[in-house]
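Given next are the chains, with one letter for each unit.
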Amino acid sequence: AAAPNFYAYQWWCNGISGGSSSLCTEPKPVPVPCDTTFRNNQFDVCYFDGTSAPTGAVPALSQHTADSTVTLTSIGAWTGFDRQWGGGLVADSGKSDSVSAVWRGRINFQAGTYVFHTISDDGIVLTIEGLPDVITNWNDHGPTQNDSSPITLPAGYKNVLMRWYENGGGAVARLWWDYIPTI
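Residues numbered from 1 in each chain as written. Predicted model: local features only at pLDDT ≥ 70, side-chain atom pairs only at ≥ 80, totals over all residues. Heavy atoms only, no water.

**Q** Summarise the overall build of the protein; cite the residues concerned and give the values.
**A** Counting its secondary structure elements, the protein contains zero helices and 16 strands. Within the protein, buried positions represent 42% of all 183 residues. In the protein, the share of contacts with a sequence separation of at least 24, taken over all contacts with a separation of at least 6, comes to 71%. Of the accessible surface of the protein, which amounts to about 8,600 Å², a share of 54% is contributed by carbon and sulfur atoms. (Helix = DSSP H or I, 4+ residues; strand = E, 2+ residues; numbered from the N terminus. Buried < 20%, exposed > 50% of the residue type's maximum accessible area, 1.4 Å probe, protein only. Contact = heavy atoms within 4.5 Å. Areas by Shrake-Rupley, 256 points an atom, 1.4 Å probe, with all protein chains shown as cover.)

What follows is the structure, given as C-alpha cells:
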C-alpha cells in the first residue's frame, strides 16, 4: 500500500493560532518540512508557497508520497504523470497562483538513450543525477512542451528532480520520456 499523505492543520481564530475549533471558521494548513528522500521507482512531491520551488527540507504546504509510481514498459519508456489544475487550486496547497512544487524520484533506468519531455505552465527545470539540467524553462508562460536532447544513460538508479512553479493563470506539470535501447 502507498504511504499516506502528510498534512498538518492548526486552527486559526481571528488571526491567532490555537483556540477552540467551535470559534474558528476553518483549519488552515501549517507548513511541514519537506521530505527530501529520493525513493526507488516512485515520485514524491512537496508543494510550496511562492514560486521558488526550493529543494531543501524547508516548510511545505503539503506533500505526497508515491504521487506517481514508475512502471517501465519492456523498452524502458514511461508515460509519466500529468497534473492539470487549470485555474483552480493546485493539489491541496490551498493556492491557485504563486505556488511551486518539487518532485523527487530514484529511477532504475535501463541502459540506452532517452529523450525527456515536459509540459508546464509556468516554469520548469528537470535534473538527472550526474548531468547538467536536462530541461530548463524557468519563466512565466502558458502550457509549453519542452524536449531534451537525446541522453545516453547506463543501467542503474539515478535521482530525478523536477522543480515547477505557477505564477498566474492556468497550471500544468507533466513529465514523460521515450527510450531507445542500446544495441
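Anyway, onward from the coordinates.
**Q** Before we move on, could you go through the nonpolar core and cite the residues and values that matter?
**A** Counting 29 residues, the largest nonpolar core has Phe43, Trp103, Phe116 and Trp177 as the members making the most contacts within it. Secondary-structure elements contributing two or more residues to this core are strand E5 (42-49), strand E8 (78-86), strand E9 (99-109), strand E10 (112-121), strand E11 (124-128), strand E14 (151-153), strand E15 (156-166) and strand E16 (171-181). Counting seven residues, the second-largest nonpolar core is a separate cluster that includes Cys46, Phe48, Ala60 and Val102. (Core = buried A, V, L, I, M, F, W, Y, C linked by side-chain atoms within 4.5 Å.)

**Q** Tell me about the environment of Arg104, and please be specific about residues and values.
**A** Looking at the element boundaries, Arg104 is found in strand E9. In the structure, Arg104 is positioned 65 residues away from Arg39 in sequence and 7.6 Å away in space, judged by C-alpha atoms.

**Q** Summarise the confidence of the model for the protein; cite the residues concerned and give the values.
**A** Confidence in the prediction for the protein averages 80 pLDDT; 76% of positions are at 70 or higher. Across residues 1-25, where pLDDT falls below 50, the model places 42 contacts with residues more than four positions away in sequence or in other chains. (pLDDT = per-residue confidence, 0-100.)

**Q** Explain the packing of aromatic side chains to me, using residue names and the numbers behind them.
**A** Under the defined criterion, the tally for this structure stands at eleven aromatic pairs. Taking the centre distance of 6.3 Å and the plane angle of 65° together, the rings of Trp103 and Trp164 count as edge-to-face. Here Trp164 lies in strand E15 and Trp103 lies in strand E9, a separation of 61 residues in the sequence. Taking the relative accessible area as the measure of exposure, Trp103 reaches 0% and is therefore buried. For the pair Phe109 and Tyr114, a centre-to-centre distance of 5.1 Å together with 80° between the ring planes defines the contact as edge-to-face. Assigned by exposure class, Phe109 and Tyr114 land together as buried. Three or more aromatic residues joined by ring pairs form one cluster here, namely Phe109, Tyr114, Phe116, Trp177 and Tyr179. Lying over the aromatic face of Trp138, Arg163 brings its terminal NZ or CZ to 4.5 Å of the ring centre. (Phe/Tyr/Trp six-rings, centres within 6.5 Å; stacked < 30°, edge-to-face > 60°. Lys NZ or Arg CZ within 6 Å of the ring centre and 35° of its normal.)

**Q** Explain unusual backbone geometry to me, and be specific about the residues and the numbers.
**A** Going from Asp121 to Asp122, the amide bond is cis rather than trans, its omega being 25°. In the Ramachandran plot, Ala91 falls in the positive-phi region, its phi being about 50° despite a non-glycine side chain. Within the secondary structure, Ala91 is located in the loop between E8 and E9. Residue Ala91 is classed as partly exposed on the basis of its relative accessible area, which comes to 31%.

**Q** I'd like to hear about the pattern of salt bridges, residue by residue, with values.
**A** For the coordinates displayed, the defined rule picks out four salt bridges. For Asp35, the salt bridge identified is with Arg39, shortest N-O distance 2.6 Å. The partner of Glu129 in a salt bridge is Arg106, and the shortest N-O contact between them spans 3.6 Å. With a gap of 23 residues between them, Glu129 in the loop between E11 and strand E12 (135-137) and Arg106 in strand E9 connect regions that are remote in the sequence. A relative accessible area of 36% places Glu129 in the partly exposed class. In this structure, a network of salt bridges that share partners links the residues Asp35, Arg39 and Asp44. (Salt bridge = Lys/Arg side-chain N within 4 Å of Asp/Glu carboxyl O.)

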